[in-house]
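Residue-level structure breakdown
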Amino acid sequence: MIYILEDDASILKLVEYTLSSNGYEVKAFDRPSLFLEAFSQKKPELVLLDVMLPEMSGLDVLKRIRSRKENDEVMIIMLTAKSSEYDKVLGLDLGSDDYIAKPFGMMELLARVKAALRRRKKKEGKDDGLLSYGDITLDSKAHSVKVAGKEIQMTLKEYSLLKLLMENEGICLSRDSILNTVWGYAFDGENRTVDVHVRRIREKLGQSGQMIQTVAGVGYRFKKNETEE
């Protein structure tokens, strides 16, 4: 179950439709009071939480949730204004798991949601840590990557980038979202950094590197071979 708390009706409707269309069970709220009442009755797996809200700010809602230990397993993604780095940093300090700066694309939203829910499963011990497509096997517990059974040596950033792409198989990730996730929100680099690392990863993966596809003008997508089931 995913809860959305957003007072902008157009954004709320679009996000709710996108998540529902991709198989997620969703409840949408435009007021903190309605959200908190529903939260007290049934906790969701994930919350998409806007910062600027009537009644109280999203940061105050975040503090309320994180004030209770039993809510620790609930994943929270903050929806912040693009220019407000203060909100991003404060949200992370208060216990949010991630943030998305407005305006954001629906593909980026889906990627962040999928990654957050995967991290939640790991917290619950329901994930064996293995990602496998074609000849590529990534073992997050062993922190290793193998191609056709042979271990491939990768730097920490190369490994993290490949892991991010594989976790979001089939979803196009923008260069900016990759930078934010792999290098961190404070990274002061350029998009070219992502391109260089993708090229190195492809070289190390050999023929299997073809599964990392370039999406012109946007970013990258990991796409399994069509012959795979």
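Parameters and conventions
Residues numbered from 1 in each chain as written. Predicted model: local features only at pLDDT ≥ 70, side-chain atom pairs only at ≥ 80, totals over all residues. Heavy atoms only, no water. Helix = DSSP H or I, 4+ residues; strand = E, 2+ residues; numbered from the N terminus. Buried < 20%, exposed > 50% of the residue type's maximum accessible area, 1.4 Å probe, protein only. Polar contact = N/O pair within 3.5 Å; in protein donor to acceptor, adjacent residues only side chain to side chain. Contact = heavy atoms within 4.5 Å. Phe/Tyr/Trp six-rings, centres within 6.5 Å; stacked < 30°, edge-to-face > 60°. pLDDT = per-residue confidence, 0-100. Pairing = 2+ DSSP bridges. Axes fitted to C-alpha atoms, helices over the stretch in contact; angles between N-to-C directions. Right-handed = clockwise from strand over helix to strand, strands pointing away. Salt bridge = Lys/Arg side-chain N within 4 Å of Asp/Glu carboxyl O.

1. A look at the side chain of Asp50
- When you line up the elements, Asp50 lands in strand β3 (residues 46–50).
- Classification of Asp50 as buried rests on a relative accessible area of 3%.
- Among the polar contacts listed, one links the side chain of Asp50 to the side chain of Lys102, at a separation of 3.0 Å.
- When residues no more than four places from it in sequence are discounted, the contact partners of Asp50 are Leu5, Glu6, Asp7, Gly58, Leu79 and Lys102.

2. Brief notes about the packing of aromatic side chains
- As enumerated under the stated definition, the model contains five aromatic pairs in all.
- Summarising the aromatic geometry, the rings of Tyr133 and Phe222 are spaced 5.5 Å apart at their centres and angled 50 degrees between planes, so their arrangement reads as tilted. With a gap of 89 residues between them, Tyr133 in strand β6 (residues 130–133) and Phe222 in strand β12 (residues 219–222) connect regions that are remote in the sequence.
- Looking at Phe222, the relative accessible area reads 0%, which means it is buried.
- Taken together through their ring pairs, the aromatic side chains of Tyr3, Phe29, Phe35 and Phe39 make up a single cluster.

3. What about the confidence of the model for the protein?
- With 91% of its residues at a pLDDT of at least 70, the protein reaches an overall mean of 87.
- The element-level mean pLDDT for the protein is lowest in helix α4 (residues 85–94), coming to 77, with strand β1 (residues 2–5) highest at 97.

4. Comments concerning the sheet that holds strand β8 (residues 144–147)
- The four strands lie next to each other as β6-β7-β8-β9, forming an open sheet whose pairing is antiparallel. At either margin of the open sheet sits one strand with a lone partner, and together these are β6 and β9 (150–152). Each neighbouring strand pair of the sheet contributes to a mean axis angle of 25 degrees, computed without reference to strand direction.
- Note that β8 and β9 share three bridges and pair antiparallel. Within the sheet, the bridge partner assigned to Val147 lies in β9 and is Lys150.
- Here helix α6 (residues 156–167) sits on the sheet in contact with β6, β7 (136–139) and β8, set at roughly 110 degrees to β7.

5. Let's talk about the sheet that holds β1
- Strands sit in the order β2-β1-β3-β4-β5 across an open sheet of five strands; the sheet is parallel. Looking along the sheet, the strands with just one partner apiece sit at the ends: β2 (26–29) and β5 (98–102). Neighbour-to-neighbour, the strand axes of the sheet open up by a mean angle of 15 degrees, direction not taken into account.
- When strand β4 (residues 75–81) meets β5, the two strands line up parallel, connected through five bridges. Residue pairing in the sheet places Thr80 in a bridge with Ala101 of β5.
- Across the sheet, helix α1 (residues 9–21) touches β1, β2, β3 and β5, and the angle it forms with β2 is around 175 degrees.

6. Focus on the pairing of β2
- Bridge count for β1 against β2 is four bridges, and the pairing is parallel. Residue Ile2 lies in a different strand from β2, and its bridge partner there is Val26.
- Note on the crossover from β1 through α1 to β2: the handedness is right-handed.

7. Comments concerning the side chain of Arg112
- Within the secondary structure layout, Arg112 lies in helix α5 (residues 106–123).
- The buried category is assigned to Arg112, whose relative accessible area is 5%.
- Setting aside chain neighbours within four positions, we find Arg112 in contact with Ile77, Asp98, Tyr99, Ile100, Ser177, Asn180 and Thr181.

8. Points about the pattern of salt bridges
- Enumeration over the complete set of coordinates arrives at 14 salt bridges.
- Put simply, Arg120 and Glu45 hold a salt bridge, and the shortest N to O gap is 3.8 Å. Here Arg120 is found in helix α5, whereas its partner Glu45 is found in the loop between α2 (32–41) and β3, with 75 residues between them in sequence.
- One salt bridge connects Arg118 with Glu167, and the closest N-O pair in it is separated by 3.5 Å. You can see Arg118 sitting in helix α5 and its partner Glu167 sitting in helix α6, a full 49 residues away along the chain.
- Overlapping salt bridges, with partners in common, bring together Glu6, Asp50 and Lys102 in one network.

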